[in-house]
Amino acid sequence: SAQQSNVTSFGVMTVAIITLETFAGMWINSFIVSVLCIALIKRKTLNSNEKILLLLGCCRFCYLCFSWIYTFLSIIYPYCLLVHPILQLLQSAYSFFNCSNFWFSACLCVFYCIKIANFRNRFFIYLKVKIDRIVPWLLLGLVVFSLVMGILVYNVIGKAVCKNLNFTCEGRLWKATIRIEEYFYPLYFLTGFVFTTSFMAVIFSAVFLLFSLWRHKHKMQTNSMKNLSMDAHIKAMKSILSFLVMYSINFIFFILTLIYSTKNQNHVMFLVYLIQHAFPTVHSLILILSNPKLKKTLLRILSCMKCKVCMK
């Protein structure tokens, strides 16, 4: 029918746009991982900021892979998701890397805040001194927590589907007469908890850094000389605020996902898919441009590519 043909064409267009976003994001995050891995091989070590960026780039690369696979199957081959246990595996992997993405991003903002902000509080001073030792254990704890979330999502989906749906003995296909999305609310609750907690960490980091910048600027009003601490405050503030804006947009579309995932609203879900795949791409690009080493390497690669194109 004409309506089915329009839905199919819209689905193909959605997959095409998301594919472009996904491969752009994978290239950007693989660039971050490659540069930091080369630095690790040369120096045998990485500073705390680079460790967070390395893990963030890895988890975003994997997140985009699984997110693209799930989106592609749900739009082009939806019945593949009804084959046990493809849906559980994809959702658990997606949840693990999505959770890691949120936590590592928030961890990066908190790290910037602790390293750059200046407060006389004893606990804050202790964190500033010990932060480089805390970061590896914090990252390990976040990975374990994300892994637990992925396992919980796997079990929640398995129990919900097994309880409410029958499956055939021959092909082990979930009975498609009931919408599986209706049983994903525990999954949404878990994801919402992670999202909200990491979002609050970003907000508090931005507020503390902004307050520290205001105090520092107030002290330096009589000093006309350029201050390095002021520049560091402003650079970190730009990075955190840009992330805060994108996080807020992503949070709005997360709410839209909760509302429209069980309804046949293709145009709304298209915007949701668009933002979900653009978020790790745009933020990683901002991180590259705000990091002198990554920015210099990227410009050098682009200039080499430009020279090769001109020679041809």
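Just so you know, the residues in each chain are numbered from 1, in the order the chain's sequence is written. For a predicted model such as this one, the threshold for reporting local features is a pLDDT of at least 70, and the threshold for listing and counting side-chain atom pairs is 80 or more; totals across whole chains, interfaces and linings nevertheless cover every residue. The side-chain figures draw on all heavy atoms in the structure; neither hydrogens nor water molecules are used.

Per an unreviewed UniProt entry, the chain is named Taste receptor type 2, and its organism is Menura novaehollandiae.

### Structural notes on the overall build of the chain
A run of H or I in DSSP counts as a helix once it spans at least four residues, and a run of E counts as a strand once it spans at least two, with each numbered from the N terminus. Summing up its helical and strand segments, the chain has 8 helices and 0 strands in all. The linear arrangement of helices and strands in the chain, starting from the amino end, is α-α-α-α-α-α-α-α. Only protein chains enter the accessibility calculation, which uses a 1.4 Å probe; a residue whose area is less than 20% of its type maximum is buried, one above 50% is exposed, and one in between is partly exposed. Within the span of the chain, comprising 312 residues, buried residues form 44% of the whole. Contact definition: two residues touch when any of their heavy atoms are within 4.5 Å. Across the chain, contacts joining residues at least 24 apart in sequence account for 78% of those joining residues at least 6 apart. Each accessible area is a Shrake-Rupley result for a 1.4 Å probe, and residues are judged covered by the shown protein chains and nothing else. Carbon and sulfur atoms make up 71% of the accessible area of the chain, which amounts to about 17,600 Å² in all.

### Details of unusual backbone geometry
With a phi angle near 70°, Lys44 is a residue other than glycine that sits in the positive phi range. With respect to the helices and strands, Lys44 occurs in the loop between helix H1 (2–43) and helix H2 (48–75). Overall, the relative accessible area of 68% leaves Lys44 in the exposed class.

### Comments concerning the environment of Tyr63
Locating Tyr63 in the fold gives a position in helix H2. Considered as a pair, Tyr63 and Tyr94 are 31 residues apart in the sequence and their alpha carbons are 6.1 Å apart. Sequence-distant contacts of Tyr63, defined by excluding residues within four places in its chain, comprise Tyr94, Phe97, Asn98, Gln276 and Pro280.

### What about H2?
Side chains three or four residues apart in an α-helix point the same way, a direct result of the helix having 3.6 residues per turn. Over its 28 residues, H2 runs 40 Å from end to end, which matches the ideal 40 Å to within 8%, given 1.5 Å per residue. By the criterion applied in these results, polar contacts are pairs of N or O atoms within 3.5 Å in which, for protein atoms, one can donate a hydrogen and the other can accept it, and in which residues neighboring in sequence qualify only through two side-chain atoms. Its side-chain oxygen at 3.2 Å from the backbone nitrogen of Asn49, Asn47 defines the N-terminal cap of H2. To estimate the expected span of a helix, count its residues, drop one, and scale the result by 1.5 Å.

### Some points on the pattern of salt bridges
Within this document, salt bridges are pairs made up of a side-chain nitrogen of Lys or Arg and a carboxyl oxygen of Asp or Glu, the two lying within 4 Å of each other. With the rule as written, the count across this model stands at 3 salt bridges. Between Arg43 and Glu50 there is a salt bridge, with its nearest N and O atoms 2.5 Å apart. Judged by its relative accessible area of 39%, Arg43 is partly exposed. By relative accessible area, which is 6% here, Glu50 ends up buried. When salt bridges that share partners are traced, they join Arg43, Glu50 and Lys293 into one network.

### Focus: the packing of H2 against helix H3 (residues 86–116)
Note on geometry: axes are lines fitted to C-alpha atoms, helical ones only across the stretch in contact, with angles between N-to-C directions running from 0 to 180 degrees. Two elements in contact, H2 and H3, have axes separated by 8 Å at closest approach and are oriented at 150°. By the angle class used here, H2 and H3 are roughly antiparallel. The chirality of how H2 crosses H3 is left-handed. Any residue outside Ala, Val, Leu, Ile, Met, Phe, Trp, Tyr, Cys, Pro, Asp, Glu, Lys and Arg is labelled polar, Gly included; the first ten of those are nonpolar and the last four are charged. For the contact of H2 with H3, the per-class residue count stands at 21 nonpolar, 8 polar and 1 charged. Note on angle classes: values under 35 degrees are labelled roughly parallel, values over 145 roughly antiparallel, values of 65 to 115 roughly perpendicular, and the remainder oblique. The sense of a crossing depends on the near helix, which, turned anticlockwise from the far helix by less than a right angle, makes the crossing left-handed and, turned clockwise, makes it right-handed.

### As for the UniProt feature "transmembrane region" (unreviewed entry) in the chain
UniProt positions are given in the numbering used here, feature names are shortened, and annotations may be inferred rather than shown by experiment. What UniProt calls "transmembrane region" (unreviewed entry) maps, in this numbering, to residues 12–41, 53–73, 93–114, 134–157, 187–211, 240–262 and 268–290. The distance from the first to the last C-alpha atom of residues 12–41 is 42 Å, and the span holds 100% helix and 0% strand. Between the C-alpha atoms that bound residues 93–114 there is a distance of 31 Å. The span itself is 100% helix and 0% strand.

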